[in-house]
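Single-letter residue listing:
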Amino acid sequence: FSLTLHQRENETLKDQCAMLGEMVTKLETRNSSNEDVIEFLKSQLVKQLAQKGMVEDELSMEVAHRDETISSLEKSSALTREQSTRKIRTLEACNSCLEDKVEQLKAANGSLEARCILIEEEKNAIEEELKTEMELFRIANTLHDII
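Values in this document were obtained by computation on a predicted structure and should not be read as measured data. (Residues numbered from 1 in each chain as written. Predicted model: local features only at pLDDT ≥ 70, side-chain atom pairs only at ≥ 80, totals over all residues. Heavy atoms only, no water.)

Check the secondary structure of the chain and you find one helix and zero strands. Over its C-alpha atoms the chain spans a radius of gyration of 61 Å, topping by over 25% the 15 Å that the globule rule assigns to 147 residues. By principal-axis analysis of the C-alpha atoms, the chain measures approximately 205 × 30 × 15 Å. Here the chain holds 147 residues, and the buried ones make up 0% of them. Within the structure as shown, the chain displays about 13,700 Å² of accessible surface, and the carbon and sulfur contribution to it stands at 61%. Taking the average location of the 19 positive side-chain charges in the chain and that of its 30 negative ones, the two points are 8 Å from each other. (Helix = DSSP H or I, 4+ residues; strand = E, 2+ residues; numbered from the N terminus. Rg over C-alpha atoms; globule rule 2.2 N^0.38 Å. Buried < 20%, exposed > 50% of the residue type's maximum accessible area, 1.4 Å probe, protein only. Areas by Shrake-Rupley, 256 points an atom, 1.4 Å probe, with all protein chains shown as cover. Lys, Arg positive; Asp, Glu negative; His and termini not counted. Charge placed at Lys NZ, Arg CZ, Asp CG, Glu CD.)

One pass over the full model with this rule turns up seven salt bridges. Notably, a salt bridge pairs E39 with K42, separated by 3.8 Å at the nearest N-O pair. Taken together, the residues span about one helical turn, with E39 and K42 both in helix α1 (residues 2-146) at a distance of three residues. The class for E39 is partly exposed, based on a relative accessible area of 48%. D67 is paired through a salt bridge with R66; the nearest N and O atoms lie 2.7 Å apart. Where salt bridges share partners, they join E120, K123 and E127 into one cluster. (Salt bridge = Lys/Arg side-chain N within 4 Å of Asp/Glu carboxyl O.)

Turning to the environment of S84, a few remarks are in order. Of note, S84 is situated in helix α1. Exposure remark for S84: the relative accessible area of 34% places this residue in the partly exposed category. When the C-alpha atoms of S84 and R30 are compared, they prove to be 78 Å apart, with 54 residues separating the residues in sequence.

On the surface, L136, I139, L143 and I146 cluster together into a nonpolar patch covering about 400 Å² of accessible area. For L136, the location among the structural elements is in helix α1. Of the residues examined, L136 reaches a relative accessible area of 53% and is grouped as exposed. (Patch = residues over 30% accessible without salt bridge, like charges linked within 9 Å, V, L, I, M, F, W, Y side chains within 5 Å.)

Mapping Q83 onto the fold places it in helix α1. Take Q83: its relative accessible area is 37%, and that puts it in the partly exposed class. Spatially, the C-alpha atoms of Q83 and C97 are 21 Å apart, while their sequence positions differ by 14 residues.

Encoded structure:
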């Protein structure tokens, strides 16, 4: 009876050892599979880090380009502002000169208008004088013809 019991225990132990062996094999397979997953995840992490670095470099270049553009626009704006200020000052001086010239021309025009009126009055006086002389001349001719 004890031999059969030992044989049964041996068989049970053998079965359990076989099961444990299968479990160890499964665990080793799983462990190998997990290591493969870990290696895959590590490679993906390296790829993501490389892409992140490239994106950061690209963004840095875009920011630097934007900063250069802003700086250039600010310089251009300052230059344009200075040029506009100079042009305004020049135009103000020209405007002042032109206003002075307009005033001079108005004064000259007023003087010419006054002179024109005097000349017109002088012409009218001369015409009247000529009419009177012509009338006197006709009277004298008529008297001469009569005599």
